[in-house]
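For reference, the chains in residue letters:
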Amino acid sequence: MSASQQQDQIQQQRVFADKCRRLHTYLLSTKSLLQEIGEYNRSKWPVHYPLARIARATQAQQQAAASQASSGLRRTSSMINSDTTLVDSLAPVPLRRSMTTDDFSDTEVGSDELRAGVDPDSVGRLLDPSDLSVLKLDLRLSYHSDSDVMGSLEESSIARLFDERLAQCEIHIDKLIARVTDKSSKILVTGDLNAGKSTLVNALIRNDILPYDQQPCTMLFCEVVDASLNGGLEEVHAIPDMHTYDRNSPSTFVKVNIGDLEDIVMENDEQFQQLKIYTKDNHKDKESLLHNGFVDVALIDSPGLNRDSLKTTQLFARQEEIDVVVFVVNAENHFTLSGQDFLLNAGNEKAHIFIVVNRFDAIRRKDRCERMILDQIRELSPLTYEERNELVHFVSAHEQLADQRNGTSVATSFSNMEKCLRSFTLEQRFKSKLAPAQRYAMNVLFDIQYLAAENVAAATKRIQEINAALRESMPKYENLLQERTETSKQAESMLDSSCLEVRRHTTAHLTNTALHLQDVAEKVSYPGLLSLWSYAENVLLTMVRHLEHEVSECDRFACFTIQQARQELAKFEEARRRLEDTSSSSRQDALANKNSSGIEGISAISDDDTALLKLPAHSSPANMWEGDVSASVTASQIASIGSISNALDTIQLELADFVDLDFSHNWGTLTSISASASLTLFASKPMASNVLTLLKMSSTMGANTARRLMVATAALIGLGSVFYILSDMDATVRRKLSSRVSLMLEEEGFVERHAERLTTETSRAIRPFVWHLQHTFQRMVEAEEHRRADHLRKRHVAQDSQIYFDELRIKAQELTNAVRVVSIDANGC
Ligand SMILES: Nc1nc2c(ncn2[C@@H]2O[C@H](COP(=O)(O)OP(=O)(O)OP(=O)(O)O)[C@@H](O)[C@H]2O)c(=O)[nH]1
């Protein structure tokens, strides 16, 4: 190698190291974007995922694939079929069509639309559902049944699935980071059983170390590395767990004698995951793969593809850590179905595969074989076919080994293959090592842009919907406030007027009753002087009964007033219910519309609100408005009347109730009883003046005459008085008792007490209805306010999300451009 060539290689390694560093940084940034989105998805805004559109696109893709499969190439072997789901989920998703044509070559990724970020046209392209790749949710179980099933998935379930997908992407990025930072290159040698993989590895390192046989023999992965990586010691380490393996820690592996290698390779019973073989490359010059002076290379010999499904799955899983895939084809068999399937899947991440068609020595018509295999490669890996001169080689590893043993020169075809492989591994390390990481990062970043644009649109739509809902509900809210104020005022005023009416009626009615008690007593028949005592008792009882009756009358009036007030309040309640029904039905209509438009967030609020509108049990007595209010009022009034009756019962008949010396109240009666002229004369004057008149007369008539006259007069007066008293006895009883009862009622505040009692009862009977009305209105207002506050809160979240996703889209765009530039200035590195 000339000095200038060496300079070139050093320069290339420097550029490569710089690319690794930059890509490493961008992968970390991409990962932190994913973490940020995950956090946002979990805590603030469930990422809106265009599920239905993606389902439709997926179905279309599946149909297209099915029709392609039925008309053309079969993709899967029977052995792979059982693991398709697992394999698909492990394999990275292919880059979008526009990005796969040239594997990030300058001409392809440097397209104007990508350079400029996402312009309106490219947003249109990004919004194509089929464009979502890495972050596409794995919902194939639902796809085949019905796309509507996917539409029925709840937002929260999708958010959870999306979160899991993000976590998977982060893990994959971690592996890519490990790969980018890994200074060594790993070459996986794979292919069908008995294709000659082990023989090829031996030939490549000029060392007959790996066992080979006509029968299938390689049972586990054998990684061959230069002994210099083990302090120059040639050793074989059998490793049970690759994650814990450390060559300096003997507990993490079992050292195997090289002589026992064949046994362990052929009969591994799943005890070991891998063999690490530290050996010497017997190349004489610096053309050696393992020993190239620039980078540590590992050659990994793998079990045959169609060995068993577990091994095949492991092989697919290992692709992430593999830089170069050398696919060994048996020239006698061409590509088997499992080989075809492997190439198709490997192409998802590695656009270029290094293909070695081995056992070419056994082929008689070589040109025909070559043509047929190249035709297959064109179908399976077009990019590899495009570079077939460098990437497809027809060799005989077996002959090569024999030549080495014999010390004869290496066949041209084989040495050409070695040169190309070295070049592919060393000089095109970007393609083999960095491009998969770059491709994956680009896919993730495109997906982020796509989802960010989707979410900006979803947030904008939600803001518009919330604004419309707020606008629409504003007049209703104002109307509700007005209705509440007016109804409350009217209900209060009805309560006050009812109480006032009852008080006024009770006061007037009972005052009048107390004034006319004597009239009531007159209705009691007088049985005569001999039954005077029982007459007095009857009079008293009649007055009490009358009083009770009149109080009852007042109570009935109060009941009637309460009923009327309740009926009026029931009308208010009816109007309120109508208002409530109208607003809830219009809200349900709005909800139905919103749900059909796919915005589920609002429905969640409204369910809460409906619950709020329901009154608590204690505030909404069952059939409150249907009950008979009179019952409760009557119950209380009886107790009150009882207390009034008891007071009257304390009145005892007294002698004074039967005698009334005050004649002034009924002179007419007295006149009729004293028929005599003298008495008429006396009766027309006060007693004192009568006596004076008598004294004057005595001076003119003489003393004896006057004395006789006076005695006669006195006797007459006495007799008249007695007669008068006896004949006026019933009136006296009525008069005296009525005045005593009146006096007692006055003293007890009979009228005021009943007026107060009935006013209180009326208030107590009506007040709950007023409260209920006010309370239910208040609940309606609160529910509406809660709904409005919730709308505002959701709008705030949507506004934040709008800004967040817009910024996220820009960040992802910038990062996409930065990641893309890593390959633009590749300059052949
Ligand atoms: N004629 C011919 N035979 C070859 C060639 N390469 C390998 N063989 C033979 O093919 C048989 C299988 O070779 P291996 O290297 O064990 O094949 P393999 O792909 O590693 O086999 P498994 O690991 O079991 O899948 C052996 O007998 C080899 O000698 C070749 O180029 N020409």
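Residues numbered from 1 in each chain as written. Predicted model: local features only at pLDDT ≥ 70, side-chain atom pairs only at ≥ 80, totals over all residues.

Engineer: Could you clarify how one ought to interpret the overall build of the chain in this entry?
Structural biologist: For the chain, the helix and strand inventory stands at 31 helices and nine strands. Looking at the chain residue by residue over its 829 residues, the buried ones come to 34%. Of the contacts formed within the chain by residues at least 6 apart in sequence, a portion of 85% connects residues at least 24 apart. (Helix = DSSP H or I, 4+ residues; strand = E, 2+ residues; numbered from the N terminus. Buried ≥ 20, exposed ≤ 12 C-beta atoms within 10 Å, placed from the backbone. Contact = placed C-beta atoms within 7 Å.)

Engineer: Looking at this structure, I do not really get the UniProt feature "transmembrane region" (unreviewed entry) in the chain. What am I missing?
Structural biologist: UniProt feature "transmembrane region" (unreviewed entry): in the numbering of this structure it lies at residues 709–726. Along residues 709–726, the helical share is 100% and the strand share 0%, with 25 Å between the first and last C-alpha atoms. (UniProt positions renumbered as here; feature names shortened; annotations may be inferred.)

Engineer: Just checking my understanding: could you explain the pairing of strand β6 (residues 297–301) for this structure?
Structural biologist: Put simply, side chains in a regular strand alternate between the two faces of the sheet. Along β6, five of the five residues are buried, which leaves the element largely enclosed by surrounding structure. Residues V297, L299 and D301 of β6 are buried on one face, and the alternating residues A298 and I300, pointing to the opposite face, are buried as well. In terms of strand pairing, strand β1 (residues 185–191) meets β6 through five bridges, oriented parallel. Its bridge partner lying in β6, K186 is registered against A298. Two strands pair when backbone bridges link them, and strand β2 (residues 221–226) and β6 are joined in this way by three bridges, in the antiparallel orientation. Looking at the pairing, C222 lines up with D301 of β6. (Pairing = 2+ DSSP bridges.)

Engineer: Would you take a moment to explain the confidence of the model for the chain for this structure?
Structural biologist: Detailed reading of the predicted coordinates is not advisable wherever pLDDT is low. In the predicted model, the chain carries a mean pLDDT of 76, and the fraction of residues at 70 or more is 69%. Scored below 50 in pLDDT, residues 141–147 makes nine contacts in the model with residues more than four places away or belonging to other chains. Scored below 50 in pLDDT, residues 669–685 makes 22 contacts in the model with residues more than four places away or belonging to other chains. With a pTM of 0.60, the predicted complex shows an ipTM of 0.98. (pLDDT = per-residue confidence, 0-100.)

Engineer: Which parts of the structure should I look at to understand the site of the ligand?
Structural biologist: The environment of the ligand is formed by 21 residues, the closest being G196, Y212, T218, G304 and H398. Going through the elements one at a time, α12 (197–205) and α19 (397–406) are the ones with two or more residues in the shell around the ligand. If you tally residues by element for the shell around the ligand, the top one is α12, at three residues. Broken down by class, the residue content of the shell around the ligand amounts to seven nonpolar, 10 polar and four charged. (Near = placed C-beta within 6 Å. Nonpolar A, V, L, I, M, F, W, Y, C, P; charged D, E, K, R; others polar.)

Engineer: I keep staring at the nonpolar core and nothing clicks. Help me out?
Structural biologist: Buried together is how nonpolar side chains tend to be arranged in soluble globular proteins. Judged by nonpolar contacts, the single largest core of 65 residues is most densely connected at L299, V326, F354 and I355. When residues of this core are assigned to their parent elements, the largest contribution, six residues, is made by strand β7 (residues 324–330). When residues no more than four places from it in sequence are discounted, the contact partners of F354 are V324, V325, V326, F327, L391, L421 and F424. Membership of the second largest hydrophobic core comes to 47 residues, among which are Y49, A452, A458 and V819. (Core = buried A, V, L, I, M, F, W, Y, C linked by C-beta atoms within 7 Å.)

Engineer: What should I look at first to understand the sheet that holds β2 in this one?
Structural biologist: Note on sheets: strands pair through backbone hydrogen bonds, and any given pair is parallel or antiparallel. With respect to topology, nine strands assemble into an open sheet ordered β4-β3-β5-β2-β6-β1-β7-β8-β9, the strand pairing being mixed. Where the open sheet ends on each side, the last strands, each with one partner, are β4 (254–256) and β9 (392–394). Geometrically, the sheet is characterised by an average inter-axis angle of 25 degrees between neighbouring strands, direction not taken into account. Packing of helix α16 (residues 366–380) onto the sheet brings it into contact with β7, β8 (354–358) and β9, and relative to β9 it is tilted by some 155 degrees. (Axes fitted to C-alpha atoms, helices over the stretch in contact; angles between N-to-C directions.)

Engineer: Quick question: what am I supposed to make of the environment of K197 here?
Structural biologist: Within the secondary structure layout, K197 lies in helix α12. On the basis of neighbour count, K197 is assigned to the buried category, with 32 C-beta atoms found within 10 Å. Through-space distance from the C-alpha of K197 to that of P303 is 8.9 Å; in sequence the pair is 106 residues apart. What K197 contacts, discounting residues up to four positions off in sequence, is V189, T190, G191, T218, D301, S302 and V328.

Engineer: What is the right way to read unusual backbone geometry from this model?
Structural biologist: For N194, which is not glycine, the phi torsion reads 60 degrees and is therefore positive. By the element assignment, N194 lies in the loop between β1 and α12. We note that H334 has phi near 60 degrees; this positive angle belongs to a residue other than glycine. For H334, the location among the structural elements is in the loop between β7 and α15 (337–346). With 16 C-beta atoms packed within 10 Å, H334 lands in the partly exposed category.

Engineer: Looking at this structure, how should I read helix α11 (residues 155–181)?
Structural biologist: Every α-helix winds through 3.6 residues per turn, so residues three or four apart in the chain are directed the same way. The terminal C-alpha atoms of α11, which comprises 27 residues, lie 38 Å apart, in line with the 39 Å expected from a rise of 1.5 Å per residue. Here α11 has its buried residues at F162, L166, C169, I173, L176, R179 and V180. (Expected span 1.5 Å × (residues − 1).)

Engineer: Would you mind going over the environment of V733 with me for this structure?
Structural biologist: Topologically, V733 is positioned in helix α30 (residues 729–748). For V733, a count of 26 C-beta atoms within 10 Å corresponds to the buried category.

Engineer: Would you mind showing me how to read the packing of α12 against α19 here?
Structural biologist: The relative placement of two packed helices comes down to the angle between their axes together with the axis-to-axis distance. Interaxial distance between α12 and α19 falls to 8 Å at its minimum, and their mutual angle equals 40 degrees. Relative to α19, α12 is oriented oblique. Crossing of α12 against α19: the hand is left-handed. Two secondary-structure elements touch here, α12 through T199, L200, N202 and A203 and α19 through A397, H398, Q400 and L401. When the residues that make up the contact of α12 with α19 are grouped by side-chain class, the tally is four nonpolar, four polar and no charged. (Parallel < 35°, antiparallel > 145°, perpendicular 65-115°, else oblique. Left-handed = near helix turned anticlockwise from the far one by under 90°.)

Engineer: Even after reading the chapter, I still don't get the pairing of β2, so can you show me in this structure?
Structural biologist: Burial runs high along β2: six of the six residues are buried. Pairing of β2 with strand β5 (residues 274–279) involves six bridges; the strand directions are parallel. Its bridge partner being in β5, D226 is matched across the sheet by T279.

Engineer: Help me understand the environment of I300, please; the structure alone is not making it clear to me.
Structural biologist: In this structure, I300 sits in strand β6. Using a count of 25 C-beta atoms within 10 Å as the deciding quantity, one classes I300 as buried. A C-alpha to C-alpha distance of 9.4 Å links I300 and L275, two positions 25 residues apart in sequence. When sequence neighbours within four positions are dropped, the list of residues in contact with I300 reads K186, I187, L188, V189, F221, C222 and E223.

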